[in-house]
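# Results of the structural survey
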Amino acid sequence: MPTEPTVLYETRDRKAYLTLNRPSSLNALTLAMARELADAVARANADDDVRVIILQGAGRSFSSGYDLRLYAEQGVDNQGDLWDPIKDYASMRAATEHYFSLWRSLKPTIAKVHGHAVAGGSDVALSCDLVLMAEDAQIGYMPARVWGCPTTAMWVYRLGAERAKRMLLTGDTITGKRAAEWGLVLEAVPAAELDDAVERLADRMSTVPSNQLAMQKLMVNQAYDNMGLQSTQNLATLFDGITRHSPEGRWFMDFAQQQGFHSATKWRDAGGLIPNGGGPIPTESEVAAL
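Residues numbered from 1 in each chain as written. Predicted model: local features only at pLDDT ≥ 70, side-chain atom pairs only at ≥ 80, totals over all residues. Heavy atoms only, no water.

## Structural notes on the overall build of the protein chain
A tally of regular secondary structure across the protein chain gives 13 helices and nine strands. Expressed as lengths along the three principal axes of its C-alpha atoms, the size of the protein chain is roughly 60 × 50 × 40 Å. When each of the 290 residues of the protein chain is scored for burial, the buried share is 50%. At a minimum sequence separation of 6, the contacts of the protein chain that also span at least 24 residues come to 74%. A total of about 13,400 Å² of accessible surface is found on the protein chain, and carbon and sulfur atoms cover 54% of it. Taking the 28 positively charged and 35 negatively charged side chains of the protein chain as two groups, their mean positions are separated by 3 Å. (Helix = DSSP H or I, 4+ residues; strand = E, 2+ residues; numbered from the N terminus. Buried < 20%, exposed > 50% of the residue type's maximum accessible area, 1.4 Å probe, protein only. Contact = heavy atoms within 4.5 Å. Areas by Shrake-Rupley, 256 points an atom, 1.4 Å probe, with all protein chains shown as cover. Lys, Arg positive; Asp, Glu negative; His and termini not counted. Charge placed at Lys NZ, Arg CZ, Asp CG, Glu CD.)

## Focus: the layout of surface pockets
Within this model, the largest pocket holds a volume of roughly 900 Å³. For the largest pocket, the lining is made up of 38 residues, of which Ser64, Gly65, Tyr66, Asp67 and Leu68 are closest to its centre. Put simply, the parts of the chain that give the lining of the largest pocket at least two residues each are helix H2 (68–73), helix H3 (85–104), strand E5 (116–118), helix H4 (120–126), helix H10 (229–245) and helix H12 (261–270). Among the elements that line the lining of the largest pocket, the one with the most residues is H12, at five residues. Classifying every residue of the lining of the largest pocket gives 16 nonpolar, 12 polar and 10 charged. (1 Å grid on protein atoms, 1.4 Å probe; cavity = no way out; pocket = protein on both sides within 12 Å on 5 of 7 lines; lining within 4 Å. Points joined across faces, edges and corners; volume = space filled by probe spheres on them. Nonpolar A, V, L, I, M, F, W, Y, C, P; charged D, E, K, R; others polar.)

## Regarding the environment of glycine 271
Note that glycine 271 resides in the loop between H12 and helix H13 (284–288). Distance from glycine 271 to glycine 171, taken between C-alpha atoms, is 9.3 Å for residues 100 residues apart in sequence.

## Quick look at the sheet that holds strand E6 (residues 130–134)
Here we have six strands laid out as an open sheet, ordered E1-E2-E3-E4-E6-E9, and mixed in their pairing. Each edge of the open sheet carries a strand with a single partner, namely strand E1 (7–12) and strand E9 (187–189). Put simply, the sheet's adjacent strands are angled 20 degrees from each other on average, direction ignored. In terms of strand pairing, strand E4 (residues 109–113) meets E6 through four bridges, oriented parallel. Looking at the pairing, isoleucine 110 lines up with leucine 130 of E6. Docked against the sheet, helix H1 (residues 31–46) engages E1, strand E2 (15–20) and strand E3 (52–57), running at close to 15 degrees with respect to E1. (Pairing = 2+ DSSP bridges. Axes fitted to C-alpha atoms, helices over the stretch in contact; angles between N-to-C directions.)

## Side note on the state of the cysteines
Enumeration according to the criterion identifies zero disulfides in this entry. A disulfide-free cysteine, cysteine 128 has its sulfur positioned 20 Å from the sulfur of cysteine 149, the nearest such atom. Taking relative accessible area as the criterion, cysteine 128 reaches 0% and is therefore assigned buried. (Disulfide = S-S within 2.5 Å.)

## Thoughts on the packing of H3 against helix H9 (residues 210–226)
Running from N to C, H3 and H9 point in directions that differ by 130 degrees, and their axes come no closer than 11 Å. Here H3 lies oblique to H9, going by the angle between them. Each of Leu102, Trp103 and Arg104 in H3 lies in contact with H9, whose residues at this interface are Lys217, Asn221, Tyr224 and Asp225. When the residues that make up the contact of H3 with H9 are grouped by side-chain class, the tally is three nonpolar, one polar and three charged. (Parallel < 35°, antiparallel > 145°, perpendicular 65-115°, else oblique.)

## Section: the sheet that holds strand E8 (residues 173–175)
Adjacent strands of a sheet form backbone hydrogen bonds with each other and so pair up, either parallel or antiparallel. Sheet architecture is open: three strands sit in the order E5-E7-E8, paired in mixed fashion. A strand with exactly one partner marks an edge of an open sheet, and here the two such strands are E5 and E8. Adjacent strand axes in the sheet meet at a mean angle of 20 degrees, parallel and antiparallel pairs treated alike. Of the strand pairs in this sheet, strand E7 (residues 138–140) and E8 are connected by three bridges, and their pairing is antiparallel. Residue pairing for E8: glutamine 138 is matched across the bridge by threonine 175.

## Focus on the packing of H1 against H3
It is the contact of H1 with H3, at a shortest axis distance of 8 Å, that shows an interaxial angle of 35 degrees. Viewed along their axes, H1 and H3 form a crossing whose handedness is left-handed. When H1 is examined against H3, the residues Leu31, Ala34, Arg35, Leu37, Ala38 and Val41 are found in contact with a partner set consisting of Ser91, Ala95, His98, Tyr99, Ser101 and Leu102. Across the contact of H1 with H3, the residue classes break down as eight nonpolar, three polar and one charged. (Left-handed = near helix turned anticlockwise from the far one by under 90°.)

Structure, rendered in structure tokens:
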């Protein structure tokens, strides 16, 4: 029996709609899903009838980030005690390139964010040219506290140094409304108005010739490339692997494997002390008391 695609694809009115399609896990990301996303972006770019790409999430959220049940709790694709940093880099570089196909796409991309775009889900959303959020949606990169570094590095390019540090030195999330006020995303609207706001913007863009759209986008993107975007991403991707294999990263994975990733992420995200060098795993009662 064939498996359902993790990224759905449809077109209408000069627009391609790419839908992250793991709603039961809040569209938690997998490496296979990253490949499917890049394939969908390539498909839209090859279609002469498509001028604008809209990325959205099925169900209650845009994306909750990487599937921690799979990668932290079950340890899938995590290396053992002998860590090969280049093997890790190659895997995560490929995933980052898949997400960044949205940025490199010759056709403009719009992320429509409801619910959450957090952890790796924020990497995906921020890889789009334009991001529209529901005012009550949440965006942030909680693995900055432990077990992650945002491989696309788009926080600093969208926010500037100080606000990027504000987010990544705490792992906090902010609402769509605050994200728009800070300039992280283009606009935030009431959740009930999000679909209409995205459609209006996409429709406006979709009457512009594809070659005009491509040239304007390439010119803007070139400025970011001139600022060293690629080399920053290379460093971030190496750091991401280190965070998952450092003593603290292994402590977090042990935590997830012993008590489940929900307990581990609750401790991390609620501000529980993460010991330098690892240490004892908090007890279930200590987690419950947060």
